[in-house]
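# Coordinates in review
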Amino acid sequence: SMDAIRVSHAEFEEAERKLLVIRYAAKESAMWMSITALLIGSAVMILFSIAIGWFMNRSIGHAIVDMTGTMTALADGNSEIEVPHIDRKDEVGSMAAAVQVFKENAMRNGETVREQEANKAQSEVERQRAQEEAIQSERKTVLESFGTALSNIAAKNLEYRIMDQVPSAYEELKENFNSAIEN
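In this report, we go over the structure that sits alongside the text. (Residues numbered from 1 in each chain as written. Predicted model: local features only at pLDDT ≥ 70, side-chain atom pairs only at ≥ 80, totals over all residues. Heavy atoms only, no water.)

### Describing the overall build of the protein
A count of helical and extended segments in the protein gives 3 helices and 0 strands. Counted from the first residue to the last, the protein has its helices and strands arranged as α-α-α. Taking the principal axes of its C-alpha atoms as reference, the protein extends roughly 185 × 30 × 15 Å. The proportion of buried residues among the 183 residues of the protein is 14%. Taking contacts inside the protein between residues at least 6 apart in sequence as the whole, the part at least 24 apart equals 34%. For the protein, the accessible surface area stands at approximately 14400 Å², while carbon and sulfur atoms represent 61% of it. Of the side chains in the protein, 19 bear a positive and 29 a negative charge, and the two mean positions are spaced by 6 Å. (Helix = DSSP H or I, 4+ residues; strand = E, 2+ residues; numbered from the N terminus. Buried < 20%, exposed > 50% of the residue type's maximum accessible area, 1.4 Å probe, protein only. Contact = heavy atoms within 4.5 Å. Areas by Shrake-Rupley, 256 points an atom, 1.4 Å probe, with all protein chains shown as cover. Lys, Arg positive; Asp, Glu negative; His and termini not counted. Charge placed at Lys NZ, Arg CZ, Asp CG, Glu CD.)

### Notes on the packing of helix H2 (residues 91-154) against helix H3 (residues 171-182)
The geometry of a pair of packed helices is captured by two quantities: the angle between their axes and the separation between those axes. Interaxial distance between H2 and H3 falls to 12 Å at its minimum, and their mutual angle equals 10°. Comparing the axis directions of H2 and H3 gives the class roughly parallel. Together, Phe 146, Ala 149, Leu 150 and Ile 153 of H2 and Leu 173, Lys 174, Phe 177 and Ile 181 of H3 make up the contact between the two elements. Looking at side-chain class alone, the contact of H2 with H3 contains 7 nonpolar, no polar and 1 charged residues. (Axes fitted to C-alpha atoms, helices over the stretch in contact; angles between N-to-C directions. Parallel < 35°, antiparallel > 145°, perpendicular 65-115°, else oblique. Nonpolar A, V, L, I, M, F, W, Y, C, P; charged D, E, K, R; others polar.)

### Details of the nonpolar core
Membership of the largest hydrophobic core is limited to 6 residues, which are Val 142, Phe 146, Ala 149, Ile 162, Phe 177 and Ile 181. Listed by contribution, the elements that provide at least two residues to this core are H2 and H3. Looking at which element gives the most residues to this core, the answer is H2, with 3 residues. Apart from residues no more than four positions distant in its own chain, Ile 181 is found in contact with Ile 153, Leu 158, Tyr 160 and Arg 161. Among the nonpolar cores identified, the runner-up in size contains 5 residues, and Met 67, Leu 74, Ala 96 and Val 99 belong to it. (Core = buried A, V, L, I, M, F, W, Y, C linked by side-chain atoms within 4.5 Å.)

### Concerning the pattern of salt bridges
Tallying each qualifying case throughout the model produces 8 salt bridges. Across the pair Glu 124 and Arg 127 runs a salt bridge whose closest N-O atoms are separated by 2.6 Å. Residue Glu 124 and its partner Arg 127 are located together in helix H2, separated by 3 residues, close to a single helical turn. Classification of Glu 124 by relative accessible area gives partly exposed; the value is 33%. When the shortest N-O distance is used, the salt bridge between Glu 171 and Lys 174 registers 3.8 Å. Within this pair, Glu 171 and its partner Lys 174 are both found in helix H3, separated by 3 residues, close to a single helical turn. (Salt bridge = Lys/Arg side-chain N within 4 Å of Asp/Glu carboxyl O.)

### What about the environment of Ala 149?
Among the secondary structure elements, Ala 149 is positioned in helix H2. For the pair Ala 149 and Ala 4, spaced 145 residues apart in sequence, the C-alpha to C-alpha distance is 169 Å. Excluding residues that lie within four positions of it along the chain, Ala 149 makes contacts with Tyr 160, Ile 162 and Phe 177.

### Some points on the packing of aromatic side chains
Summed over the entire model, instances satisfying the criterion amount to 1 aromatic pair. On the basis of an interplanar angle of 80° and a centroid distance of 6.1 Å, the ring pair of Phe 146 and Phe 177 is categorised as edge-to-face. Here Phe 177 lies in helix H3 and Phe 146 lies in helix H2, a separation of 31 residues in the sequence. The two residues Phe 146 and Phe 177 agree in class, both being buried. (Phe/Tyr/Trp six-rings, centres within 6.5 Å; stacked < 30°, edge-to-face > 60°.)

See the structure below:
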């Protein structure tokens, strides 16, 4: 019966060895499946990340480049440029709305500057006209005063003196004339 136990023990060991080989093969297979799943999952995640990055670049990156170009054009004084992406409902749309406000303010400031320049030019024209009128008025006063004086001399009226107020630039001439007549 010891032989029966030995045979039974040998059969048991053989069954256990076969079971260990099967379990080892299953463990190896599971490990390779896990590695394969991990690699496939990683590849899918990398591709997904690339796709999201590309999408973000297309949707936000280009919009920001467009907005930067618009802001540069506005800073250079081009208030005729259209603000892009103003109809978007995201942060880019909010930025576009803010840039639109800057554009409208720049246009108003430009109009104000043009109005101020026009007013300044008009004021200069009016100042020059007033100055010319003042010069003409002085000339008229001087011509009338000296014209009357010379007419009196021509009529041999040597008692005539210039008594009119004349501009200060002609005061010495008036005094010289009156002195010449007295002598």
